[in-house]
Number of protein chains: 2
Amino acid sequence: MIVDRLIEKVVKCKNHTVVGLDPRLDYVPDYIREAAKEQSVSFAEGVAKAFLAYNKGLIDSIYDIVPAVKPQIAFYEQYGIEGVKCFQQTCEYAASKGLLVIGDIKRGDIGSTAEAYSEAYLGNKEYSINTDFVTVNPYLGTDSLEPFVKHCHENEKGIFVLVKTSNKSSGELQDLVCNGKTIYEHVADLVVRLGEPYRGSSDYNFVGAVVGATYKEEASKLRNIMKNTYFLVPGYGAQGGTAEDVAACFNQDGLGAIVNSSRGIIAAYKSKEYNEKYSEKDYAAAARAAAIKMRDDINSELGKKNKLAWA
Amino acid sequence: MIVDRLIEKVVKCKNHTVVGLDPRLDYVPDYIREAAKEQSVSFAEGVAKAFLAYNKGLIDSIYDIVPAVKPQIAFYEQYGIEGVKCFQQTCEYAASKGLLVIGDIKRGDIGSTAEAYSEAYLGNKEYSINTDFVTVNPYLGTDSLEPFVKHCHENEKGIFVLVKTSNKSSGELQDLVCNGKTIYEHVADLVVRLGEPYRGSSDYNFVGAVVGATYKEEASKLRNIMKNTYFLVPGYGAQGGTAEDVAACFNQDGLGAIVNSSRGIIAAYKSKEYNEKYSEKDYAAAARAAAIKMRDDINSELGKKNKLAWA
């Protein structure tokens, strides 16, 4: 089961960090952009080539120290077909380096349509945009999630259902209280129900949850409701979540969460902390340094709370 | 403003019907599939070519009688890059025939990512997958919708926010009651708030709502809450919604809703009602007949309720 493979990789790397491959033109070093432009006939093709080269550099630099990457498809879709092609190539390249790939696609639709989305990313066809996990939106309820669960079961894949997101407005709907429970707790119940039949050799199953690092109290509550659910935690670093916030997402076994950082790692060379030591030519080395720092930051916090899986 | 253009087209066609371009291999006539296969080097390319030929036939047959088409991107995404290319070509072809294009993409994500999604479909770049409207998911709250609203304002586009969906499980979250209001009513309030500043020359604005035809009572309630909101209504026909159900989505001015049908129109030639009169060679003519029948069915019901905009 995919969640066992994830845990295996986390323990092997002693690292809960996921690198968010969310490229933006202004993150990509000039020399990569220039080279890509020269080889391209259109602007979008140039961007896609630049993103791919940039991503490959990042992947080469971090594949041995992190368990997974999470490309956010919107940043590719915005450059049209060329962008989507780059997303697919990025997923393929990451997988070829042994990384697990979380397609951050946040799709959600009624049954027959959900089936098509699931087929698109979890279908394992030679033309599919293959990923190991995808993120999905629960607003339409169970029948919009079941097709994904079916593919997960058949094709050894996983999903992360949006439960409590990291953004500022997330509370508008998610925090509303119905029958004594918030909406995000209702969604958490749904996640538990969907995942329950599919326990792996660990206690975890393949129906995970997205729980933002920026809401620590909510994360603690959710950790209690969803004991066997793996959390995908956005919001660390640039969005304001700290290692202490993130620690609330882990179980006492030192597992149960992977933490994403995008900008903080992939654009580390542009940050105040790294830009003196690393030039743009060393953007990938800076990313590696930032990923190691994040790993150590989280592990040290988990250690304080006796939550180290490998202790 | 885009909603004025939509109304203009609705009134000109005397038709509230939107044709859902949701192709499936088994809808596509054999002769189209065979021809596409011969011209293609891969399975996915063959499917994409077949879908495009099929869609063009449909569009040619209905462009003068309906105001808009709504391709559902999942049915294209499931065939990878070739599929997405076909989606883009379908949108372009429909637009070239004067149809408004509603990209049924149901995207939703945090601010910066929502911006990228919005750019992808409402961005008007030469590499964008250009549509006139997109559907969006509200689970993440206001800051996930604002980037779309901004593009709508700048680029003369529109959105339809999922409020009450047509599927069976839609009530699980959407019908939960918080502070005396269902979640879908809370979302309706949000839709009103987002659209309010952008009234067109009609009373409607460009922030629309998805309201399923399969829930008539809920639709009536929502019609009252969202007086100046255009509804995109799925669920007519194959999903069980009738003209009477749909009539609840209209305002007394005879406007305020467009009603989608996919299978019932694009695969009409396979149905009991049409398959004797229409062979697979006449699939597009059958689609036209079904679209006319749907138009008349809805108009006749609206007429009974004194809700005909052109009466």
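Since the structure is predicted, the reported quantities are computational estimates derived from the model, not experimental observations.

Colleague: Is there a simple way to explain the pattern of salt bridges in this structure?
Modeller: Oppositely charged side chains are able to pair whenever their charged atoms sit close together. Tallied over the entire structure, the rule returns 38 salt bridges over all chains. The residue A:Glu82 makes a salt bridge to A:Lys85 at a minimum N-O spacing of 3.8 Å. In this pair, A:Glu82 and A:Lys85 both sit in helix H5 (residues 80–96), three residues apart, roughly one turn of the helix. When its relative accessible area of 25% is taken as the criterion, A:Glu82 is described as partly exposed. For A:Lys85, a relative accessible area of 30% translates into the label partly exposed. Bridged by salt links that share partners, the residues A:Lys70, A:Asp104, A:Lys106 and B:Asp109 form one connected network.

Colleague: Quick question: what am I supposed to make of the interface of chain B and chain A here?
Modeller: Listed as interface residues are 61 residues of chain B and, on the opposing side, 61 residues of chain A. Of the roughly 4900 Å² buried between chain B and chain A on both sides combined, carbon and sulfur atoms contribute 60%. Broken down residue by residue, the surface that chain B buries against chain A is led by B:Ile81, B:Tyr127 and B:Tyr139, which jointly contribute 17%. The tally of links between chain B and chain A comes to four salt bridges. Notably, a salt bridge pairs B:Lys106 with A:Asp109, separated by 2.9 Å at the nearest N-O pair.

Colleague: Help me understand the side chain of B:Asp245, please; the structure alone is not making it clear to me.
Modeller: Turning to its location among the elements, B:Asp245 is positioned in helix H11 (residues 243–247). One buried charged side chain, B:Asp245, makes no salt bridge at all; its nearest oppositely charged neighbour is B:Lys216, positioned 5.0 Å away.

Colleague: Is there a simple way to explain the sheet that holds strand S9 (residues 231–233) of chain B in this structure?
Modeller: Backbone hydrogen bonds hold the strands of a sheet together, and the pairing may be parallel or antiparallel. All names here are of chain B. Strand order in this closed barrel of eight strands is S1-S2-S3-S4-S5-S8-S9-S10, and the pairing throughout is parallel. Note: strand S3 (residues 100–107) against strand S4 (residues 133–136), three bridges, orientation parallel. If you follow Gly103 over to S4, its bridge partner there is Val134. Strands in contact with helix H9 (residues 183–195) are strand S5 (158–164) and strand S8 (207–211); relative to S5, the strand with the most contacts, it is inclined by about 160 degrees.

Colleague: What should I look at first to understand the state of the cysteines in this one?
Modeller: One way to say it: the disulfide is the covalent bond shared by the sulfur atoms of two cysteines. One pass over the structure, following the stated rule, counts one disulfide over all chains. A disulfide bridge connects A:Cys178 with B:Cys178, and the sulfur atoms are separated by 2.1 Å. Residue A:Cys178 is located in strand S6 (residues 177–178), and its partner B:Cys178 is located in strand S6 (residues 177–178); the two belong to separate chains. Note on A:Cys178: relative accessible area 0%, which makes it buried. Not part of a disulfide, A:Cys13 finds its nearest cysteine sulfur in A:Cys91, a span of 18 Å. Residue classification places A:Cys13 among the buried positions, given a relative accessible area of 15%. The thiol of A:Cys91 is not disulfide-bonded; the next cysteine sulfur, from A:Cys86, is found 9.3 Å away. Judged by relative accessible area, which is 2%, A:Cys91 ranks as buried.

Colleague: Any chance you could explain H5(A) here in plain terms?
Modeller: With 17 residues, H5(A) extends 25 Å between its outermost C-alpha atoms, agreeing within 8% with the 24 Å of an ideal straight helix rising 1.5 Å per residue. For H5(A), the full list of buried residues reads A:Gly80, A:Ile81, A:Gly83, A:Val84, A:Cys86, A:Phe87, A:Gln88, A:Thr90, A:Cys91, A:Tyr93 and A:Ala94. In this fold, the buried residues of H5(A) make contact with helix H3 (43–62), strand S2 (68–69), helix H4 (74–77), strand S3 (100–107) and helix H6 (111–122) of chain A together with helix H5 (80–96) of chain B. Residue A:Gly98 follows H5(A) closely and has a positive phi angle near 85 degrees.

Colleague: Is there a simple way to think about the nonpolar core in this case?
Modeller: General note: in soluble globular proteins, nonpolar side chains tend to be found buried as a group. Core analysis: the largest hydrophobic core is formed by 234 residues, its most contacted members being A:Ile159, B:Ile159 and B:Ile183. Other than its neighbours up to four places away in sequence, B:Ile183 contacts A:Tyr139, A:Leu173, A:Leu176, A:Cys178, A:Ile183, B:Leu173, B:Gln174, B:Leu176 and B:Cys178.

Colleague: Would you mind showing me how to read the relation of the copies chain B and chain A here?
Modeller: The operation relating the pair of chain copies consists of a rotation about an axis and a translation along that axis. Rotating chain B by 180 degrees and translating it 0.0 Å along the rotation axis places it on chain A, where the RMSD comes to 0.0 Å. Considering both components of the superposition, the chain copies are consistent with a two-fold axis. By C-alpha distance to the rotation axis, the residue of chain B lying nearest is B:Cys178, at 2.4 Å. Of all interface residues in chain B, 100% are interface residues in chain A too; the two copies therefore contact each other through one and the same surface.

Colleague: Help me out: how do you make sense of helix H10 (residues 216–225) of chain A in this one?
Modeller: Helical periodicity: at 3.6 residues per turn, an α-helix aligns residues three or four positions apart in one direction. All names here are of chain A. For H10, every residue scored as buried is listed here: Glu218, Ala219, Leu222 and Arg223. All buried residues of H10 fall inside an arc of 140 degrees around its axis, so they share one side. Facing away from the buried side of H10 by more than 90 degrees, the exposed set consists of Glu217 and Asn224. In the core, the buried residues of H10 are packed alongside strand S5 (158–164), helix H9 (183–195), strand S8 (207–211) and strand S9 (231–233).

Rules used in this analysis
Residues numbered from 1 in each chain as written. Chains lettered and ligands numbered in written order. Predicted model: local features only at pLDDT ≥ 70, side-chain atom pairs only at ≥ 80, totals over all residues. Heavy atoms only, no water. Salt bridge = Lys/Arg side-chain N within 4 Å of Asp/Glu carboxyl O. Helix = DSSP H or I, 4+ residues; strand = E, 2+ residues; numbered from the N terminus. Buried < 20%, exposed > 50% of the residue type's maximum accessible area, 1.4 Å probe, protein only. Contact = heavy atoms within 4.5 Å. Buried area = accessible area lost by both parts, 1.4 Å probe. Lys, Arg positive; Asp, Glu negative; His and termini not counted. Pairing = 2+ DSSP bridges. Axes fitted to C-alpha atoms, helices over the stretch in contact; angles between N-to-C directions. Disulfide = S-S within 2.5 Å. Expected span 1.5 Å × (residues − 1). Core = buried A, V, L, I, M, F, W, Y, C linked by side-chain atoms within 4.5 Å. Least-squares fit on C-alpha atoms with pLDDT ≥ 70 in both. Arc of directions from axis to C-beta.

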